[in-house]
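# Notes for the structure review
Spelled out from the first residue to the last, the chains are:
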Amino acid sequence: MLSLPNTELFAGRDALTFDDVLVVPGWSEVLPSEVSTSTTIAGIDLRLPLLSAAMDTVTEAPLAISLAREGGIGILHRNMTILEQAAQVDRVKRSQAGMITAPVSLSPNATLADAEALMSRHSISGVPITDDDERLVGILTNRDIRFCTEAEYHRPVTDFMTSRNLVTAPVGTSLEDAVHILHEHRIEKLPLVDAQGRLRGLITVKDITKRVQKPHATLDPEGRLRVGAAIGVNDAMERAEALAHAGVDVLVIDTAHGHSRGVIDTVADVKQKWPEIVVIGGNVVTREGVQALVSAGADVVKVGVGAGSICTTRIVAGAGMPQLTAIYECATAAADLGVPVIADGGIVTSGDIVKAFAAGAAAVMLGNALAGVDEAPGDLELVDGSMWKTYRGMGSAGAMKGRAADRYAGGQMGAPGAGGPDHGGKHVPEGVEARVRYAGALSKLVSQLAGGLRSGMGYAGAGNLDELRTATRLVRVTGAGLRESHPHDVQVVTDSQW
Ligand code: IMP
């Protein structure tokens with residue numbers, strides 16, 4: 001006898017997405033310029049609640065650096081070797097520091113040529129010189145070697161370094177005190193030494209300047225930029241080990257279907273081995289999916305199946321959940337467990353960001369919206385008189401070629417839209433290769449998105465994201481309402497996006 005289909009569908013509500021709703025303007029006493037856009041994700045404070053998608057046309061070190069400097073956080077993609085990904089984490093971590101705790105140094109026997117090679121490899125303008133007991137004996141900076149001749153390059157660094165009247169400070173010196181010392185002595189680098197004179201840290205003017213320029217940057221306790229990285233299921237432990245070693249702050253178990261055995265086991269293994277690292281699990285779209293990930297140890301749950309702008313999962317597999325309902329269902333389940341959710345996919349405008357929060361998100365992940373910025377990987381293309389940048393799904397045929405093949409063809413649970421089950425070695429793509437409009441510098445774009453979010457908070461009367469989540473009314477709109485929402489009955493002449 002044939003069994004009956006699951007009839008839950010016909011008794012339930014419709015599932016909705018961003019364009020189905022609007023925020024109802026409510027009583028407001030807040031000015032957009034005064035609202036707080038801060039959020040906390042498992043102990044990580046973000047002044048801007050934005051994460052960049054772990055995609056090879058979105059997040060590598062340059063974008064992760066820029067986004068963290070604006071107050072969000074980047075998630076490095078995993079369509080590269082373990083070594084390459086760990087090197088990218090290292091690059092972000094070394095791009096800015098409060099105090100450099102393990103400064104690169106040279107021995108007094110090194111030559112000027114050695115020093116120059118080291119400084120250019122690490123993009124630094126000076127290097128402390130230490131003896132075999134790590135005791136500081138001098139410091140060599142670009143200034144000391146500016147006019148050196150070819151012959152002098154083979155002489156030891158001790159002939160050129162500053163060693164007399166070396167200005168140092170004790171371990172534990174605050175950044176504020178360091179600023180005074182640097183200023184008083186008109187120097188650029190302040191080595192920190194212990195009671196035995198051993199080098200224990202370095203504070204530089206460059207790092208302090210960076211901090212002053214971007215006071216809202218997302219920093220770790222050592223004053224370095226925070227960064228996340230994606231791992232899959234196949235080589236999860238090996239990859240996580242290298243990333244943890246490089247100092248990653250967040251590990252994202254980044255898969256198409258998080259409510260599945262392989263993903264749940266991976267979350268549990270990773271969290272058990274690295275309890276101090278924030279683990280984001282996903283993607284799921286149901287209450288049960290949230291519960292399974294949280295029981296396995298996920299600190300944060302990522303929500304979205306098939307919502308991505310480059311995603312064809314819903315067409316290819318017929319599976320998914322309209323994103324606003326997914327956020328709401330998952331956020332309510334996660335709130336019961338004290339866990340935040342990240343809305344991932346389908347967010348193109350700042351208005352979508354506002355709606356994602358109103359439905360319960362604690363932060364949003366952006367692919368499409370960030371793929372067009374200067375810092376995203378890939379070259380500019382001129383098409384039909386406009387500038388574009390490549391943007392492709394991680395489950396697209398292009399992304400799954402070459403190195404991606406072994407990363408993404410490992411089974412249906414491998415990556416967001418990683419393609420369906422591998423039928424006889426043939427993988428079905430669940431994403432497209434596309435392009436998005438060139439968007440200029442990330443800082444400019446992000447300030448537009450933040451401005452839109454602030455404006456939405458003003459309409460909702462929400463002074464912070466918690467109020468936006470709990471006090472906002474959403475109303476469902478019809479097709480006519482949606483048409484009315486966009487510019488209509490005019491010929492738009494400006495090229496700006498909304
Ligand atoms: P977007 O911001 O709407 O472009 O969505 C980005 C999100 O789509 C990513 O963070 C992933 O969760 C998801 N995604 C990335 N690549 C693919 C794919 O090839 N197919 C389906 N979903 C994808």
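Residues numbered from 1 in each chain as written. Predicted model: local features only at pLDDT ≥ 70, side-chain atom pairs only at ≥ 80, totals over all residues. Heavy atoms only, no water.

The subject of this paragraph is the pattern of salt bridges. For the coordinates displayed, the defined rule picks out 26 salt bridges. The salt bridge partner of Arg476 is Asp14, with a shortest N-O separation of 3.2 Å. In this pair, Arg476 sits in strand 20 (residues 474-476) while Asp14 sits in the loop between helix 1 (8-11) and strand 1 (21-23), placing the two residues 462 residues apart along the sequence. In this structure Arg476 comes out as exposed when scored by relative accessible area, which is 51%. The residue Glu152 makes a salt bridge to Arg155 at a minimum N-O spacing of 3.7 Å. Among the residues examined, Arg155 registers a relative accessible area of 35% and is labelled partly exposed. Linked through salt bridges whose partners overlap, the residues forming this network are Lys93, Asp220, Glu222, Arg224, Arg226 and Asp249. (Salt bridge = Lys/Arg side-chain N within 4 Å of Asp/Glu carboxyl O. Helix = DSSP H or I, 4+ residues; strand = E, 2+ residues; numbered from the N terminus. Buried < 20%, exposed > 50% of the residue type's maximum accessible area, 1.4 Å probe, protein only.)

Below, the discussion takes up the site of the ligand. Around the ligand sit 24 residues, and of these Ser309, Asp344, Gly346, Tyr391 and Gly395 come closest. One of the backbone N or O atoms of Asn368 is found 3.1 Å from an oxygen atom in the ligand. Summarising the interface, the protein chains cover 96% of the accessible area of the ligand, which totals 510 Å² for the free molecule. Considering only residue class, the shell around the ligand consists of nine nonpolar, 13 polar and two charged. (Near = heavy atom within 4 Å. Polar contact = N/O pair within 3.5 Å; in protein donor to acceptor, adjacent residues only side chain to side chain. Areas by Shrake-Rupley, 256 points an atom, 1.4 Å probe, with all protein chains shown as cover. Nonpolar A, V, L, I, M, F, W, Y, C, P; charged D, E, K, R; others polar.)

A separate point is the pairing of strand 17 (residues 380-383). Relative to strand 18 (residues 386-392), strand 17 runs antiparallel, the two sharing four bridges. Looking at strand 18, one finds that Leu380 is bridged to Lys389. Counting the residues in the hairpin turn of strand 17 and strand 18 gives two residues, including Asp384, whose phi is positive at 50°. (Pairing = 2+ DSSP bridges.)

Another point: the sheet that holds strand 8 (residues 169-170). Adjacent strands of a sheet form backbone hydrogen bonds with each other and so pair up, either parallel or antiparallel. The mixed open sheet is built from three strands, whose spatial order is 8-9-10. In the strand order of this sheet, the two ends are held by strand 8 and strand 10 (199-204), each with one partner. Direction of pairing for strand 8 relative to strand 9 (residues 189-193): parallel, over a ladder of two bridges. Bridged to Ala169 within strand 9 is Leu192. Here helix 6 (residues 175-185) sits on the sheet and contacts strand 8, strand 9 and strand 10; the angle it forms with strand 9, its principal contact strand, is near 125°. (Contact = heavy atoms within 4.5 Å. Axes fitted to C-alpha atoms, helices over the stretch in contact; angles between N-to-C directions.)

Within the open sheet, the three strands sit side by side as 17-18-19. Their pairing is antiparallel. The open sheet has two edge strands with one neighbour each: strand 17 and strand 19 (433-437). Taking each pair of neighbouring strands and ignoring which way they run, the sheet shows an average axis angle of 50°.

Glancing now at the domain arrangement of the protein. For the protein, the assigned domains read domain 1 (13-95 + 218-482) and domain 2 (112-205). Inter-centroid distance (C-alpha atoms) of domain 1 to domain 2 is 41 Å. (Domains from an automatic or database assignment.)

Time to look at helix 16 (residues 442-460). End to end, helix 16 covers 27 Å across 19 residues, agreeing with the expected 27 Å (1.5 Å per residue, within 8%). Downstream of helix 16 by a residue or two, Gly461 has a phi angle that is positive, lying close to 75°. (Expected span 1.5 Å × (residues − 1).)

What follows deals with unusual backbone geometry. With omega at -5°, the peptide bond leading from Gly282 into Asn283 counts as cis. Mapped onto the elements of the fold, Asn283 is located in strand 13 (residues 278-284). We note that Ser123 has phi near 50°; this positive angle belongs to a residue other than glycine. As for its position among the elements, Ser123 is in the loop between helix 4 (112-121) and strand 6 (126-130). We note that Asn165 has phi near 50°; this positive angle belongs to a residue other than glycine. One can find Asn165 in the loop between helix 5 (142-145) and strand 8. Of the residues examined, Asn165 reaches a relative accessible area of 76% and is grouped as exposed.

Now for the nonpolar core. Within soluble globular proteins, side chains that are nonpolar tend to cluster in buried spots. In this structure, Val301, Ile327, Val364, Leu370 and Leu468 are the most contacted members of the largest nonpolar core, which totals 110 residues. It is helix 16 that provides the largest number of residues to this core, a total of eight residues. Other than its neighbours up to four places away in sequence, Leu468 contacts Val354, Phe357, Ala358, Leu453, Met457, Ala460 and Ala462. Judged by nonpolar contacts, the second largest core, of 15 residues, contains Leu140, Tyr153, Val157 and Met161. (Core = buried A, V, L, I, M, F, W, Y, C linked by side-chain atoms within 4.5 Å.)

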